[in-house]
Each structure stands twice: as C-alpha cells, then as structure tokens.
Amino acid sequence: MEKIGKNGKPLRHLMTPLDMSVEELEELFDLAEKIKNDPDGYAHICDRKKLATCFYEPSTRTRLSFETAMLDLGGKVIGFSDASSSSASKGESVSDTIRVISCFADICAMRHPKEGAPMVAAGRSTIPVINAGDGGHQHPTQTLTDMLTIRSLKGSLDGFTIGLCGDLKFGRTVHSLVNAMLRYPANKYVFISPEELKIPSYLRAKLIEMKVDFKEVERLEDVLPSLDLLYMTRVQRERFFNEEDYVRLKDFYVLNKKKLELAPKDMLVLHPLPRVNEISVEVDDDPRAVYFKQVQYGVYVRQALIVTLLGLV
Ligand code: NCD
C-alpha cells in the first residue's frame with residue numbers, strides 16, 4: 001500500500017537511481033533544465049519548506065549543494081554535518097533520529113558511513129528521505145548530477161563508450177552510475193583500475209548476466225583513444241583497512257595534458273570531486289574537463305529532485 005507523507009501526498013524516497021524509471025528520470029532532467037533556464041520562476045516554489053541535511057560523514061560538496069538547491073528554491077535548511085555533533089554520539093539510532101527530524105522538516109538528505117542506513121531511516125520516516133551517500137554502496141544524487149551533465153553536454157545518455165578509472169572497488173559514485181547507465185542498452189564500459197581496486201564481483205556478475213559489452217584493463221593510455229566519456233575517481237582512503245595499501249595505490253593514475261592528447265577531441269572528463277592527484281590541475285583548462293560544470297549541474301538536479309519528491313510539480 002502506498003504510504004502517505006506528512007504533507008498528505010504519496011511518500012517517495014530516493015535510495016538508488018533505480019528508484020526512478022527512465023521516464024521519470026527524463027522528466028526530472030527536463031525539470032532541472034527548466035530551473036537552470038528560469039531560476040526566478042522557481043525562486044519561491046519551496047517557500048516555508050525545510051530541508052534537513054543529516055550528514056554522519058564528512059562532505060562539502062554534496063551537503064552544500066543540497067543546501068544551495070533548497071535556498072535557491074526559497075526554502076530553509078536545518079541539519080548537522082558530522083555525527084559527533086548529533087545525538088548519534090549519545091547512541092541514538094537513525095530510526096529515532098528520522099522520526100524526530102520528520103517533525104521538524106519537510107524533506108531530508110542523509111549521508112551515512114554504513115551501507116543501508118538511509119534505507120532504515122526511510123522505513124520510519126514520514127517525509128521523503130534522499131540517500132546522499134551510504135558507505136561504499138550508492139550515491140544516487142551524484143549519479144543524477146553525472147547523468148544531467150552528460151545529457152546536457154552530449155545530448156543523450158545512450159550509445160557511449162564510458163571509461164571509469166580509479167577506485168572502482170570502493171567508489172560508490174561508480175557503482176551508482178553504472179547501475180543507472182545500464183538501463184541505456186547501447187552503452188559500453190571500460191573499467192580501468194589496478195587489480196586490487198577492480199569493480200565488486202556483484203557488479204561484474206550483473207554485467208555478465210545482462211550481456212553488457214565491457215572490459216577491465218589496467219592501463220589508461222591504451223584505452224583513452226576509444227572513450228567518449230572518462231569518469232575519474234579518487235582512491236577512497238577512508239575505506240582502506242591499512243594506510244600502506246592506500247599509499248601504494250593513491251597515485252596509480254594521474255591524468256595530465258600529455259595523456260589527454262591520446263583522447264578524442266570531444267571526450268568529456270568527469271569527476272565527482274574531491275580530486276586528489278588523479279587529475280593534474282593543468283587539465284582544468286582543457287575544454288573536455290567538465291568536472292566543475294558538473295558541480296553546477298548538481299545544484300539544478302537536486303532542485304528538481306526536491307521539488308519532485310515534495311510533490312510541488
Ligand atoms: C563522492 C562521494 O562522496 O562519494 N563525492 C561527492 O559526493 N561529490 C566522491 C568521493 O568522495 O570521492
């Protein structure tokens with residue numbers, strides 16, 4: 001049975017990009033484009049609404065992106081930015097926290113180091129909960145950001161050879177993005193990583209089962225000429241068990257100007273940020289480097305998501 005939220009409308013959450021159908025995603029991206037082109041038209045749509053950002057794990061971009069999105073829609077923002085400043089430090093469960101937050105706010109964005117924590121919260125919530133990143137698992141709003149960037153700059157989401165490079169084991173943005181892009185059947189994937197940081201076996205099994213065209217390689221230079229999109233990621237230090245392994249792997253890939261000469265002139269370089277060393281700053285001025293544009297698209301898509309989940313369109 002459909003659950004009704006505290007605003008009297010059907011209650012919807014976003015835990016993974018797959019919670020939205022391809023048609024719903026198209027509508028969301030169209031709305032994000034409308035907001036981008038007519039910010040004034042949406043400047044008061046969330047008047048008197050509140051977003052709670054519950055962040056149990058560090059973040060700058062994602063939290064501030066959510067907050068900017070809500071403020072630009074006329075809404076207000078409450079929340080906490082690390083677990084130590086919330087009641088979690090006193091032992092409160094996410095289920096209890098969300099019940100309390102449901103009394104204060106109209107919608108919640110939650111980041112948590114434990115896989116599945118936002119899902120547990122959603123089960124208890126009377127307001128929409130958005131997974132803002134759960135452990136090494138999923139990061140759906142980064143995926144929506146990546147997809148809107150690709151769709152806006154390339155005109156489509158299908159028919160590309162997509163290279164994903166770096167920490168494919170722990171990088172939740174990679175897991176989320178691949179899962180979402182698999183619904184566009186003409187895409188091909190090239191996974192570029194050292195042996196230790198290959199994609200998780202569940203993802204490989206899914207690709208094989210779906211008969212997706214993919215390969216796993218170690219050398220970026222070899223595959224660069226064949227790519228339409230290159231998604232770079234940092235090595236996820238916080239998810240390593242020992243510092244030695246991190247130090248050995250952290251500079252495995254460094255995309256610089258010279259390497260980029262091997263890539264097609266219209267390839268896009270994306271990165272969820274934060275960047276460490278995996279892209280040299282000299283690449284930033286190349287027109288193919290779109291990671292800072294991506295940040296701006298992230299605000300539009302979060303605006304569209306907030307408006308949609310609140311049932312305001
Ligand atoms: C990503 C994340 O948190 O997973 N960052 C982000 O949200 N933009 C990527 C990362 O931390 O490497």
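Here the structure is a predicted model, which means the values were calculated and not measured. (Residues numbered from 1 in each chain as written. Predicted model: local features only at pLDDT ≥ 70, side-chain atom pairs only at ≥ 80, totals over all residues. Heavy atoms only, no water.)

1. As for the nonpolar core
Then, in step 1: Ranked by size, the top nonpolar core spans 57 residues in total, and within it Phe29, Met147, Leu164, Val178, Met181 and Tyr189 carry the most contacts.
Then, in step 2: Among the elements that make up this core, the one with the highest residue count is helix H11 (residues 291-309) (9 residues).
Then, in step 3: Residues from two domains meet in this core; each of domain 1 (17-138 + 296-309) and domain 2 (141-294) gives at least three.
Then, in step 4: Contacts of Met181, omitting those with residues within four sequence positions, involve Met147, Ile150, Leu157, Ile162, Asn187 and Tyr189.
Then, in step 5: Ranked by size, the runner-up nonpolar core spans 20 residues in total, among them Leu227, Tyr253, Ala263 and Leu273. (Core = buried A, V, L, I, M, F, W, Y, C linked by side-chain atoms within 4.5 Å. Buried < 20%, exposed > 50% of the residue type's maximum accessible area, 1.4 Å probe, protein only. Helix = DSSP H or I, 4+ residues; strand = E, 2+ residues; numbered from the N terminus. Domains from an automatic or database assignment. Contact = heavy atoms within 4.5 Å.)

2. Some details on the site of the ligand
Then, in step 1: Surveying the vicinity of the ligand reveals the residues Arg61, Thr62, Arg111, His139, Gln142, Arg172, Thr173, Arg234, Gln236, Pro272, Leu273 and Pro274.
Then, in step 2: At 3.2 Å, a side-chain N or O of Gln142 approaches a nitrogen atom of the ligand.
Then, in step 3: For the ligand, an oxygen atom lies 2.8 Å from a polar atom in the side chain of Gln236.
Then, in step 4: For the ligand, the protein covers 95% of the area, taking 320 Å² as the surface of the free molecule.
Then, in step 5: For the shell around the ligand, the elements supplying multiple residues, two or more each, are helix H2 (61-72) and helix H6 (172-181).
Then, in step 6: The residue inventory of the shell around the ligand, partitioned by class, reads 3 nonpolar, 5 polar and 4 charged. (Near = heavy atom within 4 Å. Polar contact = N/O pair within 3.5 Å; in protein donor to acceptor, adjacent residues only side chain to side chain. Areas by Shrake-Rupley, 256 points an atom, 1.4 Å probe, with all protein chains shown as cover. Nonpolar A, V, L, I, M, F, W, Y, C, P; charged D, E, K, R; others polar.)

3. Comments concerning a positive patch on the surface
Then, in step 1: Residues Lys6, Arg48, Lys50 and Lys76 make up a contiguous surface patch of positive charge.
Then, in step 2: Along the chain, Arg48 turns up in the loop between helix H1 (22-37) and strand S1 (50-55). (Patch = residues over 30% accessible without salt bridge, like charges linked within 9 Å, V, L, I, M, F, W, Y side chains within 5 Å. Salt bridge = Lys/Arg side-chain N within 4 Å of Asp/Glu carboxyl O. Lys, Arg positive; Asp, Glu negative; His and termini not counted. Charge placed at Lys NZ, Arg CZ, Asp CG, Glu CD.)

4. Quick word on the domain arrangement of the chain
Then, in step 1: Assigned domains within the chain: domain 1 (17-138 + 296-309) and domain 2 (141-294).
Then, in step 2: Put simply, the middle of domain 1 and the middle of domain 2, counted by C-alpha atoms, are 25 Å apart.
Then, in step 3: For the pair domain 1 and domain 2, the summed buried area comes to about 2,400 Å², and 54% of that belongs to carbon and sulfur atoms.
Then, in step 4: Run the count over domain 1 and domain 2 and you get 4 salt bridges.
Then, in step 5: A salt bridge links Asp30 to Arg151, with the shortest nitrogen-to-oxygen separation between them at 2.7 Å.
Then, in step 6: Linking domain 1 with domain 2 are 17 residue pairs in polar contact (both at pLDDT 80 or more), by the criterion used here.
Then, in step 7: Of all the secondary-structure elements, those providing two or more residues to the side of domain 1 that touches domain 2 are H1, H2, strand S4 (129-134) and H11.
Then, in step 8: The element contributing the most residues to the side of domain 1 that touches domain 2 is H1, with 8 residues. (Buried area = accessible area lost by both parts, 1.4 Å probe.)

5. Describing H2
Then, in step 1: The end-to-end C-alpha separation of H2 is 16 Å, in line with the 16 Å expected for 12 residues at 1.5 Å each.
Then, in step 2: Listed as buried for H2 are Thr62, Arg63, Ser65, Phe66, Glu67, Ala69 and Met70.
Then, in step 3: At its buried positions, H2 is contacted by S1, strand S2 (76-80), strand S3 (107-112), S4, helix H5 (140-154) and H11.
Then, in step 4: Phi turns positive one or two residues past the end of H2, at Gly74, with a value near 90°. (Expected span 1.5 Å × (residues − 1).)

6. Brief notes about H5
Then, in step 1: Between its first and last C-alpha, H5 extends 20 Å over 15 residues, near the 21 Å set by a 1.5 Å rise per residue.
Then, in step 2: Among the 15 residues of H5, 12 are classified as buried, and the element is accordingly described as predominantly covered.
Then, in step 3: When we look at burial in H5, the residues that qualify are Pro140, Thr141, Gln142, Thr143, Leu144, Thr145, Asp146, Met147, Leu148, Thr149, Ile150 and Arg151.
Then, in step 4: The first or second residue beyond H5 is Gly155, which carries a positive phi of 80°.

7. Considerations on the pairing of S4
Then, in step 1: Of all 6 residues in S4, 6 are buried, a share of seventy percent or more.
Then, in step 2: Two elements, S3 and S4, share 4 bridges in a ladder whose sense is parallel. Bridge assignment links Ala109 to a residue of S4, and that residue is Ile130.
Then, in step 3: Between the parallel elements S3 and S4, the chain passes through helix H4 (residues 117-124) in a crossover that is right-handed. (Pairing = 2+ DSSP bridges. Right-handed = clockwise from strand over helix to strand, strands pointing away.)

8. Thoughts on the pattern of salt bridges
Then, in step 1: Taken as a whole and judged by the stated rule, the model has 17 salt bridges.
Then, in step 2: Between Arg63 and Glu67 there is a salt bridge; the shortest N-O distance is 3.6 Å. Highlighted residues: Arg63 and Glu67, both in helix H2, separated by 4 residues, approximately one helical turn. This pair shows no difference in class: Arg63 is buried, exactly as Glu67 is.
Then, in step 3: Salt-bridge contacts for Arg204 lead to Glu216; the nearest nitrogen and oxygen are separated by 2.7 Å. Here the residue Arg204 occupies a position in helix H7 (residues 201-209), and Glu216 occupies one in strand S7 (residues 214-217), the gap between them amounting to 12 residues.
Then, in step 4: Bridged by salt links that share partners, the residues Glu26, Asp30 and Arg151 form one connected network.

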